[in-house]
Amino acid sequence: MSCQTGIVASSELAAYLAGPAHPADRCIKVNIDDEELQLVQHRIATSDYESDWDRNVMVCIEDDEPCYIFYRLDDKANDGEYNYVFLCFVPNNTSVKNKMLYAATRATLKRIFGDNRIATEYLGTVKEELSLQGYKNHVLSAGSSAPMTDAEKELAQVKKDEAAMRSQMSTNSATLPGLNLPTTQELLNNLEKFKKGFVNYLQIKLDTDKEELKLWDCSNISASELSGKIPNDEPRYHLFNYNHSFEGENMWRVVFIYSCPGYNVPVKQRMMYSSTKACFLDSLKNLEIEVAARTEISDGEEVAENDIFEMIHPQKHASRAAFIKPKVPSRGGRRLIR
């Protein structure tokens, strides 16, 4: 259930994990910077794991900076390798895009480090939760519940992360029904105009800095002009009310387009657009804007007028051969069955 973010380990982190030094270290801190997993610091073991915990983990954590921490325990697995606790610290005031990024990249980092070396893991939103006492509380709480399979653990963790994320996405600003991100009043007003037919094209931008949806373009265009509206450097949502004739009837049909110009777009931006899309479409239903077709494209050339028409009215392929019942095999003469 993980989302592929495209985040990879930096050369420094990869070399560190491959080298012989890190088993001697008690605490390893990693964060995401410039779309790479970066080694921030590593601290050597000086005593037993309980004595070392707070003077290592609590020093590594900054109140407003998300990070990952691998903490080495004193016991070893059957293969002779040390067991580790994997901590993910995501403060409550972290931006939504960073919460999503750290949640979606966690599985990648575990795989790089070695899943089999992680004895337990948990998420903290305040520093105290990652203290030694917080760790003991986590172990006690986990021990009191029924054993779960790996799949059940992953599902439970995903639900926990999603619930924590949703709790931080509430806002006092105007919000579309069912949409997790706030939207500007200007966009709401123009969605109403679009619904009533005053305009037939809206372009919506997701402002990743302000974490809100806002209107970027509002106009009346022809289908042939639509491809020229698709940006080649940033993702966008598009709503186009297509006026056309079909089987002798003139009609209007709404098409939703999510344009994203390939993987040169920053990972955080792609994730935000991709994760918000379903909620935005649900909100359009609540506003009684019926979407007849939807598509995802990387280039404006993918939405020529014939493409739009085909999306709304898929051709019935007449070349498909009709089913012909096979003839009953000839029985021939009577046969004696022994």
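Residues numbered from 1 in each chain as written. Predicted model: local features only at pLDDT ≥ 70, side-chain atom pairs only at ≥ 80, totals over all residues. Heavy atoms only, no water.

Engineer: What is the right way to read the pattern of salt bridges from this model?
Structural biologist: If the charged atoms of two oppositely charged side chains come close together, the side chains can form a pair. Taken as a whole and judged by the stated rule, the model has 16 salt bridges. Note that Arg-72 and Asp-74 form a salt bridge whose closest N and O atoms lie 3.9 Å from each other. (Salt bridge = Lys/Arg side-chain N within 4 Å of Asp/Glu carboxyl O.)

Engineer: Please clarify how the packing of aromatic side chains should be interpreted in this entry.
Structural biologist: Two aromatic rings are characterised by how far apart their centres lie and by the angle between their planes. Summed over the entire model, instances satisfying the criterion amount to 17 aromatic pairs. Judged by centre distance (3.9 Å) and plane angle (10 degrees), the rings of Phe-70 and Phe-113 are stacked. Here Phe-70 is found in strand 4 (residues 67-76), whereas its partner Phe-113 is found in helix 3 (residues 96-113), with 43 residues between them in sequence. Using a relative accessible area of 4% as the deciding quantity, one classes Phe-113 as buried. Summarising the aromatic geometry, the rings of Tyr-237 and Tyr-273 are spaced 5.2 Å apart at their centres and angled 70 degrees between planes, so their arrangement reads as edge-to-face. Remark: Tyr-273 occurs in helix 7 (residues 267-286) and Tyr-237 occurs in strand 9 (residues 236-246); sequence separation between them is 36 residues. With relative accessibility at 0%, the residue Tyr-237 sits in the buried group. Through successive ring pairs, a cluster of aromatic residues spans Tyr-68, Phe-70, Tyr-84, Phe-86, Tyr-102 and Phe-113. (Phe/Tyr/Trp six-rings, centres within 6.5 Å; stacked < 30°, edge-to-face > 60°. Helix = DSSP H or I, 4+ residues; strand = E, 2+ residues; numbered from the N terminus. Buried < 20%, exposed > 50% of the residue type's maximum accessible area, 1.4 Å probe, protein only.)

Engineer: Looking at this structure, how should I read the pairing of strand 8 (residues 212-219)?
Structural biologist: Across 7 bridges, strand 7 (residues 201-207) lies against strand 8 in antiparallel orientation. Residue pairing in the sheet places Lys-205 in a bridge with Lys-214 of strand 8. Linking strand 7 to strand 8, which pair antiparallel, is a turn of 4 residues; within it Glu-211 sits at a positive phi near 55 degrees. (Pairing = 2+ DSSP bridges.)

Engineer: Sorry if this is basic, but what is going on with the nonpolar core here?
Structural biologist: For soluble globular proteins, the rule of thumb is that nonpolar side chains tend to be buried together. Tyr-68 and Leu-239 are the most contacted members of the largest nonpolar core, which totals 51 residues. If you look at the next biggest cluster of nonpolar residues, it comprises 18 residues, including Val-57, Met-58, Ile-61 and Ile-69. (Core = buried A, V, L, I, M, F, W, Y, C linked by side-chain atoms within 4.5 Å.)

Engineer: For this particular structure, what's the right way to read the sheet that holds strand 8?
Structural biologist: Hydrogen bonds between backbone groups are what pair the strands of a sheet, and the pairing can be parallel or antiparallel. Strand order in the open sheet formed by 5 strands is 8-7-9-10-11, and the pairing between neighbours is mixed. Whereas interior strands pair on both sides, the edge strands pair on one side only; in this sheet they are strand 8 and strand 11 (291-297). On average, adjacent strands in this sheet sit at an angle of 25 degrees to one another, irrespective of strand direction. As judged from the 11 bridges shared by strand 9 and strand 10 (residues 249-259), these two strands associate in the antiparallel manner. Pairing of Asn-243 across the sheet is with Trp-252, part of strand 10. (Axes fitted to C-alpha atoms, helices over the stretch in contact; angles between N-to-C directions.)

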